[in-house]
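Architecture and fold: a report
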Amino acid sequence: MRPGKIICIGWNYRSHLSETNANLPTEPIVFFKPPSCLIGNGDDIVITEGIGAVHHEVELAVIFGKTGKNIPSSEAMSYVSHAAVFNDVTARDMQTKARAEGNPWCIAKGMDTFGPMSEPVPIDSVKGIHCLDLELSVNGTVRQKGSTSMMIFPIGELIAYVSRFVTIEKGDIMATGTPEGIGPLVKGDVVVAKIKGVGELRNKVV
């Protein structure tokens, strides 16, 4: 069953700010991807002709097991039932142009197949969720490495912030941001995203 929404957090790692010319946020940067972007492990990332540069972004995703509003950060993790590896695929040229013009960039993030996600695992099986190692490689070359310990806003704070404004519903997904090392994808590439203790996600670009 598809989630009602995919909540995404932008610029949540300091190491990622400089490579995208972004300012240090004073509160979480939130955007949404449509559920229709989701694909699974082994599915193809499809790049539509003419959209320019497309980049990978490995992230930890959490999936909610119950509905909540105005959730205190101290109780936030009790709303999370599963975790997964997520790749926030982004049409970077489109996003950069939209940002420069002061326009939304939802299309750049929300195209079909731009949300690869691994099979979710129960949150109780994930040890040390606040210090997990993330890694992404393209054709066997590691491009991204980071740790959830380097988040600007920890998961509990993200959940508390978002739920002030938007009801978080059972089955919703939250992607929590990417570390440095984003880079281009081209047709024929094989992308492997890993989070130790959570899973592995492999997708080919076509």
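A quick note: this is a predicted structure, and the numbers were derived from the prediction, not measured.

**Here we look at unusual backbone geometry**
With the exception of glycine, most residues fall at negative phi, and the peptide bonds are largely trans. Non-glycine residue W11 carries a positive phi angle of around 50 degrees. As for its placement among the helices and strands, W11 is situated in the loop between β1 (6-10) and α1 (14-17). Residue W11 is classed as buried on the basis of its relative accessible area, which comes to 14%. One non-glycine residue, N70, lies in the positive phi region at around 50 degrees. Tracing the sequence through the fold places N70 in the loop between β6 (58-64) and β7 (80-87).

**Quick look at the state of the cysteines**
A full pass over the atoms with the stated rule returns zero disulfides. The structure places no disulfide on C8, whose sulfur is separated from the nearest cysteine sulfur, that of C37, by 7.2 Å. Judged by relative accessible area, C8 falls into the buried class, the value being 1%. Left without a disulfide partner, C106 is nearest to the cysteine sulfur of C8, which lies 12 Å away.

**Comments concerning the environment of K204**
With respect to the secondary-structure elements, K204 resides in strand β16 (residues 199-205). By relative accessible area, K204 is classed as partly exposed at 43%. Here the alpha-carbon distance between K204 and V138, two residues 66 residues apart in the chain, equals 9.6 Å. Sequence-distant contacts of K204, defined by excluding residues within four places in its chain, comprise D43, D44, I45, G188, D189 and V190.

**Section: the sheet that holds strand β15 (residues 190-195)**
Within a beta sheet, neighbouring strands are joined by backbone hydrogen bonds and run either parallel or antiparallel to one another. The five strands lie next to each other as β4-β16-β15-β11-β12, forming an open sheet whose pairing is mixed. Whereas interior strands pair on both sides, the edge strands pair on one side only; in this sheet they are β4 (44-45) and β12 (141-147). Here β4 runs beside β16; their pairing, made up of two bridges, is parallel. The residue of β16 that forms the bridge with I45 is V205.

**Digging into the sheet that holds strand β5 (residues 54-56)**
Read from one edge to the other, the open sheet built from three strands follows the order β8-β5-β14, with strand pairing classed as antiparallel. Of all the strands in the sheet, the pair left with one neighbour each is β8 (90-91) and β14 (183-184). Relative to β14, β5 runs antiparallel, the two being bridged by two bridges. Across the sheet, the residue bridging to H55 is P184, located in β14.

Cut-off values and rules
- Residues numbered from 1 in each chain as written.
- Predicted model: local features only at pLDDT ≥ 70, side-chain atom pairs only at ≥ 80, totals over all residues.
- Heavy atoms only, no water.
- Helix = DSSP H or I, 4+ residues; strand = E, 2+ residues; numbered from the N terminus.
- Buried < 20%, exposed > 50% of the residue type's maximum accessible area, 1.4 Å probe, protein only.
- Disulfide = S-S within 2.5 Å.
- Contact = heavy atoms within 4.5 Å.
- Pairing = 2+ DSSP bridges.

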